[in-house]
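Summary of structural features
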Amino acid sequence: MAETNTPNPGGAEFPAPYGTGPAANDSAISADRQPAGRIRIHHLQQAKDSGRRFAMLTAYEQYTAEIFDQAGIEVLLVGDSASNNVFGNETSLPVTVDELLPLCRAVARSAKRALVVADLPFGSYEVSTHQAVASGVRFLKEGLAHAVKIEGGSFYAETVRAMVQAGIPVLAHIGFTPQSEHALGGYRVQGRGDGAQGLIEDAIALSEAGAFGVLMEMVPAAVAEAVDSAVSVPTIGIGAGRATTGQVLVWQDMTGLRGGRMAKFVKQYANLRTILSDAAQTYGDEVRSGQFPGPEHSF
Ligand code: KIV
């Protein structure tokens, strides 16, 4: 893929960002609330074909979905990472379809431009192609998602094929797949040494089965680049270097809301944990001292 220092040169090929699309001239609705056209899977393919990049973030509820969407993030992922970032579990394994569906609905209702991808959680697609299609249908029908993501290599090519035939766009997730963390022996970089060829074969099999994209997690940059060159569909990386078409991060990591140790691949663009903590402490202090509510907050 062509390297460039200019983010998204020619980025206008994505539907226009908020407030800049033709509908923004409609004075009946304020410009910054304009739906500017939905990003669809063919726009991601165009990005790959023309050497442009796109950004993806997780979102699990209304306000972050709205903020990220209006900030121009092209893809929102209702990740099963909600398990450990919303529901308080240690891993992504316990979260269920029924827990994720309402989060997905909230994100899909709130994002007017972004493509909304939902994770099929552990246990909702492995049993049979029938189970995978049924779960995918629930996410599109009840969750209002535009596409789903499943974890796993070429073994799941038939599953992808069945889902795509049923009209469900599928993003394939390979490399480190958190739902298999026990089978993989913990959080480890995948595709090193002999494993590289296996990853390339997985990506080819899944894209030939109809996956609209391949997401790679914790894969050496050079291997991710080889995978990206081996498939025509867009690739998305998390801890997979710079050569992929898109990048994804978990929003609580990227904004510094989550505390604790961060993976090497996380860049923190804010420190929301400190901002929220300071606000809560000041509020608590003001309530205890009688400073809040003041006359301006009273009827
Ligand atoms: O659930 C999730 O957040 C993910 C990302 C790590 C890609 O699958």
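In the block above lies the structure referred to throughout.
Below, the structure is looked at part by part. (Residues numbered from 1 in each chain as written. Predicted model: local features only at pLDDT ≥ 70, side-chain atom pairs only at ≥ 80, totals over all residues. Heavy atoms only, no water.)

1. Describing the overall build of the protein
- Within the protein one finds 11 helices and 8 strands.
- Residue burial in the protein is summarised as follows: out of 299 residues, 48% are buried.
- When contacts within the protein are restricted to residue pairs at least 6 apart in sequence, those whose partners lie at least 24 apart make up 60%. (Helix = DSSP H or I, 4+ residues; strand = E, 2+ residues; numbered from the N terminus. Buried < 20%, exposed > 50% of the residue type's maximum accessible area, 1.4 Å probe, protein only. Contact = heavy atoms within 4.5 Å.)

2. Side note on the nonpolar core
- By size, the foremost hydrophobic cluster in this structure holds 75 residues, and its most contacted members are L76, F139 and M163.
- At 7 residues, helix α4 (residues 97-110) tops the list of elements feeding residues into this core.
- Apart from residues lying up to four places away in sequence, F139 is in contact with V97, L100, L101, C104, A118, D119, L120, P121, L144, A145 and V148. (Core = buried A, V, L, I, M, F, W, Y, C linked by side-chain atoms within 4.5 Å.)

3. Points about the packing of helix α5 (residues 129-141) against helix α6 (residues 157-165)
- Where α5 contacts α6, the axes come no closer than 9 Å and their chain directions differ by 45°. On the basis of their axis angle, the class for α5 and α6 is oblique. Considering how the two elements wind past one another, α5 and α6 form a crossing that is right-handed. Counted together, T129, A132, V133 and G136 of α5 and E158, T159, A162 and M163 of α6 form the full contact between these two elements. (Axes fitted to C-alpha atoms, helices over the stretch in contact; angles between N-to-C directions. Parallel < 35°, antiparallel > 145°, perpendicular 65-115°, else oblique. Left-handed = near helix turned anticlockwise from the far one by under 90°.)

4. With respect to the sheet that holds strand β4 (residues 147-151)
- Ordered by their spatial adjacency, 8 strands build a closed barrel running β1-β2-β3-β4-β5-β6-β7-β8, and the pairing between neighbours is parallel. Recorded for the sheet is a direction-independent mean angle of 25° between the axes of neighbouring strands.
- Each of β4 and β5 (170-175) touches α6; the most contacted strand, β4, lies at about 170° to it. (Pairing = 2+ DSSP bridges.)

5. What about the packing of aromatic side chains?
- Tallied over the full model, the rule gives 5 aromatic pairs.
- Through a chain of ring-to-ring contacts, three or more aromatic side chains come together here, namely Y125, F155 and Y156. (Phe/Tyr/Trp six-rings, centres within 6.5 Å; stacked < 30°, edge-to-face > 60°.)

6. Side note on the pattern of salt bridges
- Tallied over the entire structure, the rule returns 8 salt bridges.
- Note that D119 and K149 form a salt bridge whose closest N and O atoms lie 2.7 Å from each other. Taken together, the residues D119 in strand β3 (residues 115-119) and K149 in strand β4 connect sequence positions 30 residues apart.
- Look at D119 and you get buried, because its relative accessible area is 2%.
- K149 gets classed as buried once you look at its relative accessible area, which sits at 2%.
- Two residues, R258 and D253, come together in a salt bridge whose shortest N-O distance is 2.7 Å.
- Relative accessible area serves as the criterion here: at 10%, D253 is assigned to the buried category.
- Each of D98, R138 and E142 takes part in salt bridges that share partners, so that together they form one network. (Salt bridge = Lys/Arg side-chain N within 4 Å of Asp/Glu carboxyl O.)

7. Remarks on the site of the ligand
- Taken together, 13 residues lie around the ligand, and G79, D80, S81, D119 and K149 are the ones closest in.
- Residue D80 places a side-chain N or O atom 2.9 Å away from an oxygen atom belonging to the ligand.
- In this structure, D119 approaches the ligand through a side-chain N or O atom, which is 2.9 Å from an oxygen atom.
- Contact with the protein chains covers 96% of the free accessible surface of the ligand, which is 260 Å².
- Tallied by class, residues from the shell around the ligand come to 5 nonpolar, 4 polar and 4 charged. (Near = heavy atom within 4 Å. Polar contact = N/O pair within 3.5 Å; in protein donor to acceptor, adjacent residues only side chain to side chain. Areas by Shrake-Rupley, 256 points an atom, 1.4 Å probe, with all protein chains shown as cover. Nonpolar A, V, L, I, M, F, W, Y, C, P; charged D, E, K, R; others polar.)

8. A closer look at unusual backbone geometry
- The amide bond that connects F292 to the next residue, P293, takes the cis arrangement and shows omega of 0°.
- Position of P293 relative to the elements: it lies in the segment after α11 (272-289).
- The phi dihedral of L144 falls on the positive side, at around 65°, and the residue is not glycine.
- When you line up the elements, L144 lands in the loop between α5 and β4.
- A positive phi angle, close to 50°, is found at M218, a residue other than glycine.
- Examined against the element boundaries, M218 turns out to sit in the loop between β6 (213-217) and α9 (221-230).
- Judged by relative accessible area, which is 12%, M218 ranks as buried.

9. Remarks on α5
- For α5, which comprises 13 residues, the first-to-last C-alpha distance of 18 Å matches the rise-based estimate of 18 Å (1.5 Å per residue) to within 8%.
- Residues of α5 that are buried: Q131, A132, V133, S135, G136 and F139.
- On its buried face, α5 is in contact with α4, β3, β4 and α6. (Expected span 1.5 Å × (residues − 1).)

10. Observations regarding the pairing of strand β1 (residues 54-58)
- Within β1, 4 of the 5 residues are buried, which leaves the element mostly enclosed by the surrounding structure.
- Sheet analysis places β1 next to strand β2 (residues 75-78), joined by 3 bridges and oriented parallel. Paired with T58 across the bridge in β2 is L77.
- Traced from β1 through helix α2 (residues 62-70) to β2, the parallel crossover comes out right-handed. (Right-handed = clockwise from strand over helix to strand, strands pointing away.)

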